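Structural description and commentary
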Amino acid sequence: MAYLAKILLYPIKSLDGVEVEKSTILSSSALRHDREFAFVDAQNRFVNGKRYPQILMLRSEFFLEQRLVKLKFPGKNSEQVFHLDEEHSAIAATVSDFLGFPVQLQQNTAMGFPDDTDSPGATIISTATLTEVASWFSGISVDEMRRRIRANLEIDGVPAFWEDRLFAAGSEPVAFTVGDVKFLGINPCQRCVVPTRDSYSGEVYPNFQKIFGQKRQATMPIWVNIAQFNHFYRLSINTRVPVTEAEKMITLGSKIEI
């Protein structure tokens, strides 16, 4: 039986995730507190692992009920704790010092800052898929692959690539439920350069994208609608949620049905 095994939120875009037992759906389709904050540079571009891989070296721990974040910088034993809502300037100043250029911390409580603004719902993957993909690369564990892919919802009780059932050949969404919450599966997520980089050091794994594409194509289940694969560097599923589901809650252990 397919069930919800993990819920991962990433309160500050590009920083570490936090596991939670339940999460609320916003009217925008996003999960509350996911990518709620983002650093931007002087050109108002996201400061993420794609443009600035050194951000991956910054460790963070979130305490969402208290609205706190603990930041730890490489080479330093001390940690600094900030209030997420009241100390934007202090957080930005501290991260600016670390990066060596000025950044600002922006907040969006309505939708957060997803990469795909057309389908800003939770991204979905299965535990078996992460295990399979990790096996393609020497020295990359399942936990490390999980940190690189940064999906929100992890499904267990299913074989690898089961989540590829959650999109169709064209623009027609696939309806499914997580507990009593209705979701719409849209398309397989196009990956960027971030999964090629070590989630702690930013170091690039040689030929990661080439290996990934070859293995992804070779292991593609025969029932998958490949019309949405203009290339095979795609993994996890982008979603939206009907407006009727706003303020509903998903919880760990919930049954998932198509």
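Refer to the structure above for everything that follows.
Throughout, a residue's number is its position along its own chain's written sequence, starting from 1. Residue-level local features of this predicted model are given only where pLDDT is at least 70; pairs of side-chain atoms are given and counted only at 80 or more, and the full residue set underlies all totals for whole chains, interfaces and linings. Each side-chain value is derived from all of the structure's non-hydrogen atoms; neither hydrogens nor water enter the calculation.

Some remarks on the overall build of the protein
Only runs of H or I of at least four residues qualify as helices and only runs of E of at least two qualify as strands under DSSP, and these elements are numbered from the N terminus. Counting secondary structure elements, the protein contains 4 helices and 15 strands. By the compact-globule yardstick of 18 Å for 258 residues, the protein fits well, its C-alpha radius of gyration being 18 Å. Based on the C-alpha atoms only, the size of the protein along its principal axes is roughly 50 × 45 × 30 Å. In short, Shrake-Rupley with a 1.4 Å probe defines the accessible areas, and a residue's cover is counted only from the protein chains shown. Total accessible area computed for the protein in this model is approximately 11,800 Å², and 49% of it derives from carbon and sulfur atoms. Of the side-chain charges in the protein, 28 are positive and 30 negative, and the distance between the mean point of each set is 5 Å. A radius of gyration in this sense is built from C-alpha atoms; the matching globule rule multiplies 2.2 Å by the number of residues raised to 0.38. Positive residues here are Lys and Arg, negative ones are Asp and Glu, while His and the chain termini are left out of the count. By convention, the point assigned to a charge is CZ for Arg, NZ for Lys, CD for Glu and CG for Asp.

Let's talk about the packing of aromatic side chains
Pairing of aromatic rings covers Phe, Tyr and Trp, the last counted by its six-membered ring, and requires centre-to-centre distances within 6.5 Å; plane angles under 30 degrees mean stacked, over 60 mean edge-to-face, and any other angle means tilted. Throughout the structure, instances matching the rule amount to 13 aromatic pairs. Consider the rings of Phe167 and Phe229, whose centres lie 5.9 Å apart with planes at 55°: the pair is tilted. Of this pair, Phe167 sits in the loop between strand 10 (153-156) and strand 11 (174-178) while Phe229 sits in the loop between helix 4 (208-218) and strand 13 (234-240), placing them 62 residues apart in sequence. Comparing Phe167 with Phe229 shows no difference in burial state: the two are buried. Put simply, the rings of Trp136, Phe137, Phe161, Tyr205, Phe208, Phe212 and Tyr233 touch in pairs and so form one group of aromatic residues. Above the face of the Phe73 ring, Lys76 is positioned so that its terminal group lies 5.9 Å from the ring centre. Placement of a positive charge over a ring is assigned whenever Lys NZ or Arg CZ falls within 6 Å of the ring centre and within 35 degrees of the normal to the ring plane. Across the ring face of Trp223, the terminal group of Arg165 is positioned such that the distance to the ring centre comes to 4.0 Å. Between buried and exposed lies partly exposed: a residue is buried under 20% and exposed over 50% of the maximum accessible area for its type, with that area taken using a 1.4 Å probe on protein chains only.

Some words on the environment of Met111
When you line up the elements, Met111 lands in the loop between strand 8 (104-107) and strand 9 (124-126). Linking Met111 and Glu36, residues 75 residues apart in sequence, is a C-alpha distance of 7.2 Å. Each residue touching Met111, except ones within four places of it in the same chain, is listed here: Ser28, Ala30, Thr117 and Pro120. Whether two residues are in contact is decided by their heavy atoms, any of which lying within 4.5 Å being enough.

Quick look at unusual backbone geometry
Positioned with a positive phi, Arg35 is a non-glycine residue whose angle comes to about 50°. Given a relative accessible area of 14%, Arg35 falls into the buried group. Despite not being glycine, Arg150 shows a phi value in the positive range, around 60°. Relative to the helices and strands, Arg150 resides in the loop between helix 3 (142-149) and strand 10.

Thoughts on the sheet that holds strand 6 (residues 68-72)
Two strands make a pair as long as DSSP finds a minimum of two bridges between them. Taken in spatial order, the 3 strands of this open sheet run 5-6-7, and their pairing is antiparallel. Two strands in the sheet have a free side with no partner beyond their single neighbour: strand 5 (59-63) and strand 7 (79-83). When strand polarity is set aside, the average angle formed by the axes of neighbouring strands in this sheet is 20°. Sheet topology places strand 6 next to strand 7; 5 bridges connect them, and they run antiparallel. The residue bridging Val69 from the neighbouring strand is Phe82, located in strand 7. Its contacts with the sheet place helix 1 (residues 88-99) against strand 6 and strand 7, and it is angled at close to 150° to strand 7. In this analysis an axis means a line fitted to C-alpha atoms, helices contributing only their contacting stretch, and an angle means the value between N-to-C directions, from 0 to 180 degrees.

Overview of the pattern of salt bridges
Opposite charge on two side chains permits pairing when their charged atoms draw close. One speaks of a salt bridge when a side-chain nitrogen belonging to Lys or Arg is within 4 Å of a carboxyl oxygen belonging to Asp or Glu. Tallied over the full model, the rule gives 17 salt bridges. Here Lys6 ties to Glu19 by a salt bridge, and the two come within 3.1 Å at their closest N and O atoms. Of this pair, Lys6 sits in strand 1 (residues 3-9) while Glu19 is found in strand 2 (residues 18-20), placing the two residues 13 residues apart along the sequence. Put simply, Glu36, Arg67 and Asp85 are held in one network by salt bridges that share partners.

Description of the packing of helix 2 (residues 127-134) against helix 3
Across the interface, helix 2 lies against helix 3 with an axial gap of 9 Å and an inter-helix angle of 105°. Considering the angle they form, helix 2 stands roughly perpendicular to helix 3. Residues Thr127, Leu130, Thr131, Val133 and Ala134 of helix 2 form the contact with helix 3, whose own contacting residues are Val142, Met145, Arg146 and Ile149. Oblique is the label for any angle not covered by the other classes, which are roughly parallel (under 35 degrees), roughly antiparallel (over 145) and roughly perpendicular (65 to 115).

Overview of the nonpolar core
Phe39, Leu71, Val95, Leu153, Phe183 and Ile250 are the most contacted members of the largest nonpolar core, which totals 50 residues. Breaking this core down by element, the ones donating at least two residues are strand 1, strand 2, strand 4 (37-40), strand 6, helix 1, strand 10, strand 11 and strand 12 (181-190). Considering every element that reaches this core, the biggest residue donor is helix 1, with 4 residues. Other than its neighbours up to four places away in sequence, Ile250 contacts Leu4, Ile7, Glu21, Lys22, Ser23, Ile25, Leu31, Leu153, Val178, Val181 and Phe183. Counting residues in each nonpolar core, the second largest holds 16 residues, with Ile149, Ala151, Tyr205 and Leu235 among its members. Put simply, buried Ala, Val, Leu, Ile, Met, Phe, Trp, Tyr and Cys residues joined by side-chain atoms within 4.5 Å make one nonpolar core.

Interpretation note: all reported values are geometric properties and have no functional meaning in isolation.
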